[in-house]
Structure formats: structure tokens, C-alpha cells
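Residues per chain, in single letters:
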Amino acid sequence: MFAHQAPEKAIKALLVLRSVDPPKLHDLDRLAARLPEADNQRFDAIDLPELTRWAIEGRYRTMRRKRHETTPGEALRWRTMSSRQQHG
């Protein structure tokens, strides 16, 4: 989970440096896509989707379970959290 935070903070810092208000989301690919191409290329060597997946699984433990093991209430809570992050 912590390996995700360093690139997230770096991307958000670059967004601020470029006068872009960083959105309240944790998807590294979506954040990097908001950067100018020259800045975005700095992160090409990092597997951003994989770091994002690990961070989300660490934060939202219900995602580790198989779908048939997740209760409807847990699925609804996860969907609500996910929706809030996307719409920041």
C-alpha cells in the first residue's frame, strides 16, 4: 500500500506545479493522464495500474475475496466508496 503513495504524491505535486487542481482519487493511471505528456513520460517505467490495484486491495479488504464470498452489504459499501473517489 505504501509503495502506491510515493508516486501518487509525486503525480499530484506535478499537477499542482502545472496549476492543475489534483482530483481526490487514487488511480495512478488516471492521475498521470492529467499530466502534460512530458511529465507523464516520467512514470512510464512504473506499472501504475498494478500499484493502484495493490493499494486498493490493501485499503478495501473485501476486494480480496471472491465475488461469491462478498456479502451484498459489503459490495454496496465498496461501490459507494469507489463512486465517491471517482467523483471526488
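Residues numbered from 1 in each chain as written. Predicted model: local features only at pLDDT ≥ 70, side-chain atom pairs only at ≥ 80, totals over all residues. Heavy atoms only, no water.

Q: What is the right way to look at the overall build of the protein chain in this model?
A: Looking only at helices and strands, the protein chain features 5 helices and 0 strands. The burial tally for the protein chain puts 30% of its 88 residues in the buried class. Long-range pairs, those at least 24 residues apart, make up 37% of the contacts in the protein chain between residues at least 6 apart in sequence. Of the roughly 6,200 Å² of accessible surface on the protein chain, 54% is carried by carbon and sulfur atoms. (Helix = DSSP H or I, 4+ residues; strand = E, 2+ residues; numbered from the N terminus. Buried < 20%, exposed > 50% of the residue type's maximum accessible area, 1.4 Å probe, protein only. Contact = heavy atoms within 4.5 Å. Areas by Shrake-Rupley, 256 points an atom, 1.4 Å probe, with all protein chains shown as cover.)

Q: Would you explain the pattern of salt bridges in this entry?
A: It is possible for side chains of opposite charge to pair when their charged atoms get near one another. The tally for this structure, following the rule as stated, stands at 4 salt bridges. The partner of Glu8 in a salt bridge is Lys12, and the shortest N-O contact between them spans 3.0 Å. Taken together, the residues Glu8 and Lys12, both in helix H1 (residues 2–17) and 4 residues apart, mark about one turn of the helix. Beyond isolated ion pairs, a larger network of salt bridges with shared partners links Arg18, Asp39 and Arg42. (Salt bridge = Lys/Arg side-chain N within 4 Å of Asp/Glu carboxyl O.)

Q: How should I be thinking about the side chain of Asn40 in this particular structure?
A: By secondary structure assignment, the location of Asn40 is in helix H3 (residues 37–40). A polar contact is formed between the side chain of Asn40 and the backbone oxygen of Ala32, at a distance of 2.8 Å. Those residues within four positions of Asn40 in sequence are excluded, and the remaining contacts are Ala32, Ala33 and Leu35. (Polar contact = N/O pair within 3.5 Å; in protein donor to acceptor, adjacent residues only side chain to side chain.)

Q: Hey, could you run me through unusual backbone geometry in this one?
A: Negative phi characterises most residues that are not glycine, and trans characterises most peptide bonds. For Ser19, which is not a glycine, the phi torsion comes out positive at approximately 60°. Mapped onto the elements of the fold, Ser19 is located in the loop between H1 and helix H2 (28–33). Exposure remark for Ser19: the relative accessible area of 70% places this residue in the exposed category.

Q: How should I be thinking about the nonpolar core in this particular structure?
A: Nonpolar side chains in soluble globular proteins generally cluster together in the buried interior. One finds Ile11, Leu14, Leu15, Leu25, Leu28, Leu31, Ala32, Leu35, Phe43 and Leu48 forming the largest nonpolar core, which totals 10 residues. Among the elements of the structure, H1 and H2 are those that each provide at least two residues to this core. Sequence-distant contacts of Leu15, that is, excluding residues within four places in its chain, are made with Val20, Pro22, Pro23, Leu31, Arg34 and Leu35. (Core = buried A, V, L, I, M, F, W, Y, C linked by side-chain atoms within 4.5 Å.)

Q: Would you mind going over the confidence of the model for the protein chain with me for this structure?
A: One rule of thumb: low pLDDT means the predicted coordinates there are not for detailed reading. Per-residue confidence for the protein chain gives a mean pLDDT of 77; residues scoring 70 or more make up 64%. Per-residue pLDDT, averaged within each element of the protein chain, yields its smallest value for helix H5 (residues 72–87) (66) and its largest for H2 (90). (pLDDT = per-residue confidence, 0-100.)

Q: Please clarify how the environment of Asp21 should be interpreted in this entry.
A: Its location among the elements puts Asp21 in the loop between H1 and H2. By relative accessible area, which is 68% here, Asp21 ends up exposed. Taking C-alpha positions, Asp21 is 10.0 Å from Arg34, a pair spaced 13 residues apart along the chain.

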